[in-house]
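Listed below, chain by chain, are the residues.
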Amino acid sequence: FSRTCDFCHKISFQFASAFHRTISKNKPSLTPLLLTMSSAPPASKKPRTSKGNSDDDGIPIPEITQLDYVNLTSHTDTFGVDPIPISWGHPDPSVRGPVICTVRHSSQRNAIGAHSGSYCIYTGLAVAAGKLNPEYVPNLKLTSPVFNIGPHASWSDPKKMASIDPFGHLTTEVYGGYIDKGFDIRPTIAVTKAHIDLPETREAVAAGRLVPDGKVLMPSGKSIVRKVAIEPVWYLPEIARRFGCTENMLRQSIFRMTNGMYPELITRPDIKIFLPPIGGLTIYIWGDPDTIPDEDIELTCRVHDECNGSDVFGSDICTCRPYLTHAIEECIKTAQRGGCGVVIYFRKEGRSLGEVTKYLVYNTRKRQEGGDTAENYFSCTEQVAGVQDTRFQALMPDPLHFLGVTKIHNFISMSDMKYNAIVNTGIEIVNRVEIPKDLVPDDAQVEITAKVFHGYNAGEAYKGIDKNELMKTVGREYAYDKPVEKRNIVE
């Protein structure tokens, strides 16, 4: 095995060196640090020279990476590797240290991955198209939050904060010294305000369920909301603990299932921070966010997972949009009573299996023998995806702790998975609010029946759902079984 690995290392080294000489032309050769399983001892680590800064402010001198050559990966304790120390969970941001995951400081990076989640690929396209200078550093002078969040005690507890950088919105404030010195440090959280105009809110005003007050809800039916966009920042040791596996197993599983996209998950065990290429989340707040940590002030909350077909386009096969808009209505009412309403919107399309998989499941549900039955609702997903759900909810409570939530008076959700995940982190939930029966679309009866029968909180509205109800609930037929005209795709 050792000889095989040494041989692979030699071939990889020769290929990378040749590739580098090709792109570098007459420039001196800088050997890329390669992903290998070689048993050869690593080179000596370069001593940290950045401590010798001229103004003795404790901030290292930035080392700017030349972007005219390619490193396939890097290794721990090798020459040129000098990550900025980061102490996850420390309450003092200056001691904790900034998350550095930009291309300008490859030797000093202390995080694996890239900013912007899955959109980082578009950044690469912009560079390839000549539209973006890869050395561009954003001007963040006018980007600071428009309202305050935190700090909260939960920020320094990894068991409550492992998928969000709690200082991600305060980059220019707490790490301004780094930025002034030349470091390219990007925010992972943005905080702003907006007006939201929903037809369901206007309908609620017309029906008299909502009354405009000019503060939370305008006469036009628009509501005034505060918004927080968050990119995921994972602290891998705690992520592994929550999923009941070793950090090694977590790293290997992600590396394997992304087809080796992030070799540093294997070669850089010293780096504990990972910016995964997944969707983030958005927090919408009605009312005064300063009241959120106060357990005596009413807080209404819904944690919602993205469903593009329903949330945006109104597909009636599920309850997603009706439940979301009902939650927004309840949030507005709570804010008008002097409390606060919060909706947390996760980008977890199709139970985090993706929209393609979700639509394949729809086809399976509609084409199966006996039609789209509530009895087989979950098994159809498992038949297509191999698993019913990959949201898991282990990371879901983090944004609540980011806001300082310790008590939710009205939880607009029927999901036991979400309820259990939240209360297991120490947050109290007083009332659980189910979706009103008259808001459930006809074709979504399959979903609601299956979920309640299999353990979702029924509330008063759905207590009558039993085995008989499960067996007889069938969704709309879409004539999927009619013959599809075959096309000759090869001329």
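As the structure is a computational prediction, the values presented were derived from the model and not from experiment. (Residues numbered from 1 in each chain as written. Predicted model: local features only at pLDDT ≥ 70, side-chain atom pairs only at ≥ 80, totals over all residues. Heavy atoms only, no water.)

Draft legend 1. View of the overall build of the chain. Along its length, the chain carries 17 helices and ten strands. Burial analysis of the chain (491 residues in total) assigns 45% to the buried set. Counted over contacts in the chain with a minimum sequence separation of 6, partners at least 24 positions apart contribute 74%. Put simply, the chain shows about 25100 Å² of open surface, and 54% of that area lies on carbon and sulfur atoms. (Helix = DSSP H or I, 4+ residues; strand = E, 2+ residues; numbered from the N terminus. Buried < 20%, exposed > 50% of the residue type's maximum accessible area, 1.4 Å probe, protein only. Contact = heavy atoms within 4.5 Å. Areas by Shrake-Rupley, 256 points an atom, 1.4 Å probe, with all protein chains shown as cover.)

Draft legend 2. Examining the side chain of aspartate 311 more closely. You can see aspartate 311 is positioned in helix 10 (residues 308–311). Buried charge without a partner: aspartate 311 forms no salt bridge, and the closest opposite charge is arginine 321, 6.7 Å away. Among the polar contacts listed, one links the side chain of aspartate 311 to the side chain of histidine 304, at a separation of 3.2 Å. Excluding its chain neighbours within four sequence positions, the residues that come into contact with aspartate 311 are His304, Asp305, Glu306, Cys320, Arg321, Leu324 and Tyr345. (Lys, Arg positive; Asp, Glu negative; His and termini not counted. Salt bridge = Lys/Arg side-chain N within 4 Å of Asp/Glu carboxyl O. Polar contact = N/O pair within 3.5 Å; in protein donor to acceptor, adjacent residues only side chain to side chain.)

Draft legend 3. View of the sheet that holds strand 9 (residues 407–411). The strand order across the open sheet formed by seven strands is 2-3-6-8-7-9-10, and the pairing between neighbours is mixed. Taken across any chain shown, the strands that pair with only one partner, and hence form the sheet edges, are strand 2 (189–196) and strand 10 (428–432). Here the average twist between neighbouring strands, direction ignored, is 25 degrees. Of the strand pairs in this sheet, strand 3 (residues 223–230) and strand 6 (residues 281–287) are connected by five bridges, and their pairing is antiparallel. The residue bridging valine 228 from the neighbouring strand is isoleucine 283, located in strand 6. Where helix 11 (residues 320–336) meets the sheet, it contacts strand 3, strand 6, strand 7 (299–305), strand 8 (340–346) and strand 9, and its direction lies at approximately 155 degrees from that of strand 8. In the packing of helix 15 (residues 416–423) onto the sheet, contacts are made with strand 7, strand 9 and strand 10, and the angle to strand 10 comes to roughly 150 degrees. (Pairing = 2+ DSSP bridges. Axes fitted to C-alpha atoms, helices over the stretch in contact; angles between N-to-C directions.)

Draft legend 4. Spatial organisation of the pattern of salt bridges. Counted by the stated rule, this structure contains 28 salt bridges. Between arginine 96 and aspartate 165 there is a salt bridge, with its nearest N and O atoms 3.1 Å apart. Of this pair, arginine 96 sits in helix 2 (residues 93–96) while aspartate 165 sits in the loop between helix 3 (120–128) and helix 4 (171–174), placing them 69 residues apart in sequence. With relative accessibility at 1%, the residue arginine 96 sits in the buried group. Judged by relative accessible area, aspartate 165 falls into the buried class, the value being 5%.

Draft legend 5. Just the nonpolar core, in detail. Counting 40 residues, the largest nonpolar core has Val228, Ile283, Val342, Phe402, Leu403, Ile408 and Ile422 as the members making the most contacts within it. Those elements giving two or more residues to this core turn out to be strand 2, strand 3, strand 6, strand 7, strand 8, helix 14 (398–403), strand 9 and helix 15. Here the element with the most residues in this core is strand 8; it accounts for four residues. Setting aside residues up to four positions removed in sequence, valine 342 forms contacts with Ile283, Tyr284, Ile285, Ile292, Leu299, Thr300, Cys301, Arg302, Cys331 and Leu403. (Core = buried A, V, L, I, M, F, W, Y, C linked by side-chain atoms within 4.5 Å.)

Draft legend 6. Representation of the pairing of strand 6. Counting buried positions over the seven residues of strand 6 gives six, a clear majority of the element. The pairing of strand 6 with strand 8 spans seven bridges and is antiparallel. Paired with leucine 281 across the bridge in strand 8 is phenylalanine 346.

Draft legend 7. Layout of the sheet that holds strand 1 (residues 111–113). Overall, mixed pairing links the three strands, which are arranged 1-5-4 in an open sheet. Both outer strands of the open sheet, strand 1 and strand 4 (234–235), are each paired with one neighbouring strand and no more. Note: strand 1 against strand 5 (residues 273–275), three bridges, orientation parallel. Pairing of alanine 111 across the sheet is with isoleucine 273, part of strand 5.

Draft legend 8. Focus on the environment of aspartate 296. Looking at the element boundaries, aspartate 296 is found in the loop between strand 6 and strand 7. Assessed through its relative accessible area of 74%, aspartate 296 is described here as exposed. Sequence separation between aspartate 296 and glycine 339 is 43 residues; the distance between their C-alpha atoms is 9.4 Å.

Draft legend 9. A look at the state of the cysteines. In total, this model carries zero disulfides according to the counting rule given. Between cysteine 320, a cysteine without a disulfide, and cysteine 318, which holds the nearest cysteine sulfur, the sulfur-to-sulfur distance is 3.6 Å. Its relative accessible area of 17% is what places cysteine 320 among the buried residues. Between cysteine 331, a cysteine without a disulfide, and cysteine 301, which holds the nearest cysteine sulfur, the sulfur-to-sulfur distance is 7.2 Å. On the basis of relative accessibility, which here comes to 0%, the residue cysteine 331 falls in the buried class. (Disulfide = S-S within 2.5 Å.)

Draft legend 10. Fine view of a negative patch on the surface. Taken together, the side chains of Asp294, Glu295, Asp296 and Glu428 present a region of like negative charge at the surface. Structurally, glutamate 428 is set in strand 10. Glutamate 428 gets classed as partly exposed once you look at its relative accessible area, which sits at 40%. (Patch = residues over 30% accessible without salt bridge, like charges linked within 9 Å, V, L, I, M, F, W, Y side chains within 5 Å. Charge placed at Lys NZ, Arg CZ, Asp CG, Glu CD.)

Draft legend 11. Examining helix 13 (residues 377–385) more closely. Inspection of helix 13 places Tyr377, Phe378, Cys380 and Thr381 among the buried residues, and these make up the whole buried set. Seen along its axis, helix 13 keeps its buried residues to an arc of 160 degrees; they face one direction. For helix 13, the elements touching its buried residues are helix 12 (355–367) and helix 16 (445–453). Two residues or fewer past helix 13, glycine 386 is found with a positive phi of approximately 85 degrees. (Arc of directions from axis to C-beta.)

Draft legend 12. Examining the packing of aromatic side chains more closely. Scanning the model with the defined rule gives eleven aromatic pairs in all. For the ring pair tyrosine 175 and tyrosine 178, a centre distance of 6.0 Å and an interplane angle of 80 degrees mean the geometry is edge-to-face. In this structure, tyrosine 175 and tyrosine 178 share a single accessibility class: buried. Considering the side-chain rings of tyrosine 359 and tyrosine 362, the 5.7 Å spacing of their centres and the 20 degrees angle between planes classify their relative orientation as stacked. (Phe/Tyr/Trp six-rings, centres within 6.5 Å; stacked < 30°, edge-to-face > 60°.)

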